[in-house]
Amino acid sequence: MKQVYSKMCDLAKPYYEKGRPMDVSHIEWMMPEALLVCQKEDLDDSLLLPLVILHDVGYAEVPKDHPFKLDVRRAHMAAGVKIARRILEQLNYSKEKTEKIEYYISVHDNWAWGDNEIYKQDIILGTFTDLDYAWMATPKGFLALMKILEKNKQEMFEFLKTNDKLVLRPFSTKTVKDLYESYLEDRQKELF
Ligand SMILES: [Fe+2]
Ligand SMILES: [Fe+2]
């Protein structure tokens, strides 16, 4: 992993430790997967990686409440932009890229308000949201979301299997689609 991403991660970690209980493992899973996708799909890691590493830092500075509530979502994106800017400035990250990453963070959960188009128009944002979603099918993500959504294993599996995302924001790359499907198969095996 490039040194700048490790440093970014170190600077982001204290925020994640103050965020939701699942946040550290969420980011630890997403980082290496995002790098692999960049290699396989020839995507710009200098945008995707910072977006992945920094997107949820804002949960550190919002009141502890249900993370799916719309006002909490809005607040974590706004707080996240400011924290990300500080971290990227500290790393002397390219100004142009910093602005782009700030924009991505400011809209990363906009699907919750019915905005699906932004993810289809931008491969970085589309791949990001695919990975953010796929995490819920990983062993740790699945358990974390069962708690948050108060679902049992079967219900959580159905939630993923029939999620609107799959229709409204189809996977941007085959790489993440395949990854998600293989995780979901594993979760299905655990049902019986
Ligand atoms: Fe988020
Ligand atoms: Fe996330």
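Conventions adopted
Residues numbered from 1 in each chain as written. Chains lettered and ligands numbered in written order. Predicted model: local features only at pLDDT ≥ 70, side-chain atom pairs only at ≥ 80, totals over all residues. Heavy atoms only, no water. 1 Å grid on protein atoms, 1.4 Å probe; cavity = no way out; pocket = protein on both sides within 12 Å on 5 of 7 lines; lining within 4 Å. Points joined across faces, edges and corners; volume = space filled by probe spheres on them. Helix = DSSP H or I, 4+ residues; strand = E, 2+ residues; numbered from the N terminus. Nonpolar A, V, L, I, M, F, W, Y, C, P; charged D, E, K, R; others polar. Donors = N, O, S within 2.8 Å, 3.2 Å for Na, K, Ca; no water. Tetrahedral: all angles 85-135°; square planar, octahedral: opposite > 155°, others 65-115°. Phe/Tyr/Trp six-rings, centres within 6.5 Å; stacked < 30°, edge-to-face > 60°. Buried < 20%, exposed > 50% of the residue type's maximum accessible area, 1.4 Å probe, protein only. Lys NZ or Arg CZ within 6 Å of the ring centre and 35° of its normal.

Participant: Looking at this structure, how should I read empty space enclosed by the protein?
Facilitator: To locate leftover empty space, one rolls a probe as large as a water molecule over the atoms. Tallied over the entire structure, the rule returns 1 cavity of 30 Å³ or more. Taken as a whole, the largest cavity holds about 40 Å³ of empty space. If you go around the largest cavity, the residues you meet are Y119, K120, G126, T129, D130, K165, R169, P170 and S172. Here the lining of the largest cavity takes 3 residues from helix 7 (residues 123-134), the largest share from any one element. Across the lining of the largest cavity, the residue classes break down as 2 nonpolar, 3 polar and 4 charged.

Participant: Is there a simple way to think about the coordination of the iron ion (ligand 2) in this case?
Facilitator: Each angle at a metal carrying four tetrahedral donors should ideally be 109.5 degrees, and each at a metal carrying six octahedral donors should ideally be 90 or 180 degrees. Around the iron ion (ligand 2), the protein contributes the donor atoms H26 (NE2), H55 (NE2), D56 (OD) and D132 (OD), at 2.2 to 2.3 Å from the metal centre. For the iron ion (ligand 2), the 4 donor atoms in the first shell make angles of 77 to 177 degrees at the metal, a pattern classed as irregular.

Participant: I'm lost on the packing of aromatic side chains in this one. Help?
Facilitator: Centre-to-centre distance and the angle between the planes together describe a pair of aromatic rings. Going through the model one piece at a time under the given rule, you end up with 5 aromatic pairs. A ring pair is formed by Y103 and Y104, whose centres lie 5.9 Å apart and whose planes are at 45 degrees; its orientation type is tilted. Exposure remark for Y104: the relative accessible area of 1% places this residue in the buried category. Look at F171 and Y180: their rings are 5.2 Å apart centre to centre, the planes differ by 35 degrees, and that puts the pair in the tilted class. Pair check on accessibility: F171 and Y180 agree, each one buried. Ring-pair connections join several aromatic residues into one group, and the members of that group are Y133, F171 and Y180. Above the ring of F68, the side-chain terminus of R73 is found at 4.7 Å from the ring centroid.

Participant: What's the story with the layout of surface pockets in this structure? I'm lost.
Facilitator: Each pocket or cavity is described by its volume, and for the largest pocket that value is around 410 Å³. Forming the walls of the largest pocket are 23 residues, and the residues nearest its centre are F68, R73, W111, D132 and M136. Looking at the lining of the largest pocket, the elements with two or more residues in it are helix 4 (70-90), helix 7 and helix 10 (165-168). Sort the elements by how many residues they give to the lining of the largest pocket and helix 7 lands first, with 3 residues. Here the residues of the lining of the largest pocket sort into 12 nonpolar, 3 polar and 8 charged. Of the voids in this model, the second largest pocket is the one considered here, and its volume is about 170 Å³. Of all elements in the fold, only helix 9 (153-161) and helix 11 (174-189) reach the threshold of two or more residues within the lining of the second largest pocket. For the lining of the second largest pocket, the leading source of residues is helix 11, giving 6 residues. The residue makeup of the lining of the second largest pocket, split by class, is 6 nonpolar, 1 polar and 4 charged.

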